[in-house]
Amino acid sequence: MDLSEIKLLRQEFETLLRSTGREGVDDLIDYLDDGKNRFFNAPASVNHHLNTDGGLLQHSLNVCHAALKLRELAIAERPDLEDALSRDSVIIASLLHDICKADIYKPVRKRRKDANGLLVEVDSYDIDYSNFPMGHGEKSAMMVLWGGLDITQEELLAIRWHMTAWDLPYQSLELTRSLNTARDMHPLCSLIQLADNFAANIMEA
Ligand SMILES: [Fe+2]
Ligand SMILES: [Fe+2]
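Report follows, based on the coordinates. Bear in mind the structure is a predicted one, so any value in this text is a computation, not a measurement.

As for the overall build of the chain
Within the chain, the regular secondary structure consists of eight helices and two strands. Order of helices (α) and strands (β) in the chain, N terminus to C terminus: α-α-α-α-β-β-α-α-α-α. Summarising its shape, the C-alpha atoms of the chain cover approximately 60 × 40 × 30 Å along the three principal directions. When each of the 205 residues of the chain is scored for burial, the buried share is 37%. Considering only contacts within the chain whose residues lie at least 6 apart along the sequence, 67% involve residues at least 24 apart.

Structure below.
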């Protein structure tokens with residue numbers, strides 16, 4: 001993705017986040033781009049979907065677009081969920097669910113075989129968790145708080161548990177119960193899980 005494309009995506013990301021009117025949005029945007037964190041330029045992965053500069057930003061917007069559409073479907077089916085699935089909460093949880101990846105990708109040159117079987121050097125990334133090896137969903141949730149955003153409990157839980165059981169330590173009964181309780185209490189958790197899956201496996205496949 002070139003710099004002009006990334007700039008447009010960043011504008012959309014910032015506009016959506018500011019549309020919530022939530023206190024601390026500007027502080028959080030600065031934090032996501034503070035040199036150590038490279039959220040706006042990072043890839044979404046090394047070998048899977050959107051493994052290019054700006055890929056993480058594109059994925060976050062894809063999840064937000066999917067989540068806003070799923071919100072309409074959910075409210076059409078269950079009008080009583082309109083407040084629990086507020087537009088602002090859907091935007092905040094979807095755009096910020098993967099910010100844990102902002103500091104893990106280091107640009108490198110790697111040798112790969114081209115279509116003719118010849119070794120060539122290409123741009124790629126190494127993964128380095130050493131900046132803050134806290135995990136995935138829980139790391140995103142903590143980074144939102146460190147970034148200074150005024151965030152609600154249900155938004156934090158939707159970010160924490162967006163990977164569902166894939167983010168559960170093996171045999172941890174306490175965390176299994178926490179995940180199920182969060183999902184039972186807050187439909188936002190299920191909505192973000194669904195949107196993340198839809199974006200990664202349908203929109204970006
Ligand atoms: Fe994730
Ligand atoms: Fe994701």
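Picking up where we left off.
Notes on the pairing of strand E2 (residues 119-127)
Sheet analysis places strand E1 (residues 105-113) next to E2, joined by nine bridges and oriented antiparallel. Within E2, the position partnered with Arg-112 by the bridge is Val-120. In sequence, E1 turns back onto E2 through a hairpin of five residues, with Gly-117 there showing a positive phi of about 80°.

With respect to helix H8 (residues 187-203)
The end-to-end C-alpha separation of H8 is 22 Å, in line with the 24 Å expected for 17 residues at 1.5 Å each. Of all the positions in H8, only Leu-188, Cys-189, Leu-191, Ile-192, Ala-195, Asp-196 and Ala-199 are classed as buried. Down the axis, H8 shows its buried residues gathered within 170° of arc, on one side only. Exposed residues lying more than 90 degrees from the buried face of H8 are Asn-201 and Ile-202.

Concerning the packing of helix H4 (residues 87-96) against helix H6 (residues 153-160)
Packing of H4 against H6 leaves a shortest axis separation of 9 Å and a crossing angle of 30°. Relative to H6, H4 is oriented so that their crossing is right-handed. Residues Ser-89, Ile-92, Ala-93 and Leu-96 of H4 form the contact with H6, whose participating residues are Glu-154, Glu-155, Ala-158 and Ile-159.

So, the environment of His-59
Mapped onto the fold, His-59 is located in helix H3 (residues 55-77). Considered as a pair, His-59 and Gln-153 are 94 residues apart in the sequence and their alpha carbons are 23 Å apart. Residues in contact with His-59, not counting those within four places in the same chain, are Ala-44, His-49, Leu-50, Asp-98, Ala-199 and Glu-204.

Notes on helix H1 (residues 3-18)
With 16 residues, H1 should cover 22 Å at 1.5 Å per step; its first-to-last C-alpha distance of 22 Å lies within 8% of that length. Check the buried side of H1 and you find it contacts helix H2 (25-32), H3 and H4.

Side note on the packing of H1 against H3
At a minimum axis distance of 10 Å, the contact between H1 and H3 shows a crossing angle of 45°. Relative to H3, the element H1 lies oblique. Between H1 and H3 the crossing geometry is left-handed. Every residue of H3 that contacts H1 at Ile-6, Leu-9, Arg-10, Glu-12, Phe-13 and Leu-16 is listed here: Leu-57, Gln-58, Ser-60, Leu-61 and Cys-64. In terms of residue class, the contact of H1 with H3 is built from seven nonpolar, two polar and two charged.

What counts, and where the lines are drawn
- Residues numbered from 1 in each chain as written.
- Chains lettered and ligands numbered in written order.
- Predicted model: local features only at pLDDT ≥ 70, side-chain atom pairs only at ≥ 80, totals over all residues.
- Helix = DSSP H or I, 4+ residues; strand = E, 2+ residues; numbered from the N terminus.
- Buried ≥ 20, exposed ≤ 12 C-beta atoms within 10 Å, placed from the backbone.
- Contact = placed C-beta atoms within 7 Å.
- Pairing = 2+ DSSP bridges.
- Expected span 1.5 Å × (residues − 1).
- Arc of directions from axis to C-beta.
- Axes fitted to C-alpha atoms, helices over the stretch in contact; angles between N-to-C directions.
- Left-handed = near helix turned anticlockwise from the far one by under 90°.
- Parallel < 35°, antiparallel > 145°, perpendicular 65-115°, else oblique.
- Nonpolar A, V, L, I, M, F, W, Y, C, P; charged D, E, K, R; others polar.

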